[in-house]
Amino acid sequence: QVQLVESGGGLVQTGGSLRLSCASSGFTFSTSAMGWFRQAPGKEREFVAAIGWGGSRTVYADFVKGRFTISRDNAKNTVYLQMNSLKPEDTAVYYCAARRHAIRLVVSTELSEYDYWGQGTQVTVSS
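Nothing here was measured: the structure is a model prediction, and the numbers come from that model.

Draft legend 1. Local environment of the sheet that holds strand 1 (residues 3-7). The strand order 1-3-8-7 describes an open sheet built from 4 strands, whose pairing is antiparallel. Edge positions in the sheet fall to strand 1 and strand 7 (68-73), since each has one partner strand and no second. If you compare each strand with its neighbour and ignore which way they point, the axes differ by 15° on average. One ladder, built from 5 bridges, connects strand 1 with strand 3 (residues 18-25); its direction is antiparallel. Looking across to strand 3, one finds that Ser-7 is bridged to Ser-21.

Draft legend 2. Region of the structure containing the pairing of strand 4 (residues 33-39). With respect to burial, strand 4 is a largely interior element, 6 of its 7 residues being buried. When strand 4 meets strand 9 (residues 92-99), the two strands line up antiparallel, connected through 7 bridges. Bridge pairing in strand 9 places Phe-37 opposite Tyr-95. Pairing geometry for strand 4 and strand 5 (residues 46-51), over 5 bridges, is antiparallel. Each residue of the ladder has a partner; that of Met-34, found in strand 5, is Ile-51. Counting the residues between successive antiparallel strands, the hairpin from strand 4 to strand 5 contains 6 residues, one of them, Gly-42, with a positive phi of roughly 75°.

Draft legend 3. Molecular detail of the pattern of salt bridges. Taken as a whole, this structure holds 6 salt bridges when the rule is applied. The network of salt bridges with shared partners includes Arg-38, Glu-46, Arg-67 and Asp-90.

Draft legend 4. Structural view of the environment of Ile-103. Topologically, Ile-103 is positioned in the loop between strand 9 and strand 10 (116-117). The class for Ile-103 is exposed, based on a relative accessible area of 59%. Each C-alpha atom, one on Ile-103 and one on Val-64, is 25 Å from the other, the two residues being 39 residues apart in sequence.

Draft legend 5. Fine view of the pairing of strand 7. Going residue by residue along strand 7, you find Phe-68, Ile-70 and Arg-72 tucked away on one face and Thr-69, Ser-71 and Asp-73 left uncovered on the opposite face. Relative to strand 8 (residues 78-83), strand 7 is paired through 6 bridges, and the arrangement is antiparallel. When the sheet's bridge partners are listed, Ile-70 is paired in strand 8 with Leu-81. Here strand 7 hands over to strand 8 after 4 residues, with Asn-77 in that stretch at a positive phi of 55°.

Draft legend 6. Summary view of the nonpolar core. Ranked by internal contacts, the top residues of the largest apolar core, which has 35 residues, are Met-34, Trp-36, Val-79, Leu-81, Met-83 and Tyr-94. Secondary structure elements with two or more residues in this core: strand 3, strand 4, strand 5, strand 6 (58-60), strand 7, strand 8, strand 9 and strand 11 (121-126). With near-sequence residues (within four places) excluded, Met-83 lies in contact with Gly-16, Ser-17, Leu-18, Leu-20, Arg-67, Phe-68, Tyr-94 and Val-123.

Each value, and the rule that gives it
- Chains are numbered independently. Their residues run from 1 in the order of the written sequence.
- Confidence filtering applies because this is a predicted model: local features only for residues at pLDDT of at least 70, side-chain atom pairs given and counted only at 80 or more, and all residues used for totals across whole chains, interfaces and linings.
- Side-chain numbers here rest on the full set of heavy atoms in the structure, without hydrogens or water.
- Any two strands between which DSSP finds at least two bridges are classified as paired.
- Secondary structure elements follow DSSP: runs of H or I of four or more residues count as helices, runs of E of two or more count as strands, with numbering from the N terminus.
- Axes here mean lines fitted to C-alpha atoms, for a helix over just the part in contact, with angles spanning 0 to 180 degrees between N-to-C directions.
- Classification of residues uses two cut-offs on accessible area relative to the type maximum, computed with a 1.4 Å probe and protein chains only: under 20% is buried, over 50% is exposed, and between them is partly exposed.
- One speaks of a salt bridge when a side-chain nitrogen belonging to Lys or Arg is within 4 Å of a carboxyl oxygen belonging to Asp or Glu.
- Here, nonpolar core refers to any group of buried Ala, Val, Leu, Ile, Met, Phe, Trp, Tyr and Cys residues whose side-chain atoms link them within 4.5 Å.
- We call two residues in contact whenever any of their non-hydrogen atoms come within 4.5 Å of each other.

Written out as structure tokens, the structure is:
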């Protein structure tokens, strides 16, 4: 069974940091691009960051550039999102996603192009 399990969410003050983890199984992680998306109440799910297989290509949404860092550990089948300088508008449920058989060095920002999704982890940033 394919599983993506996010962890590391929680409550943090403005300016604080969190590191999200997504442990995966049931598919070939090493050749899958991985992404993070988020969804706030009443809003559509939006792209946050993605990383290609091998970790040589990363893409970030403009609103997180310079604050968030995506990384992966293929030996652990895990992708991470380090979030620094958090703002109240970062409050959302954060979802991990996998895109199988991605073209080398190509990373997608589109929700519809990802094959598997985790259950999400809540991030709340207080003001």
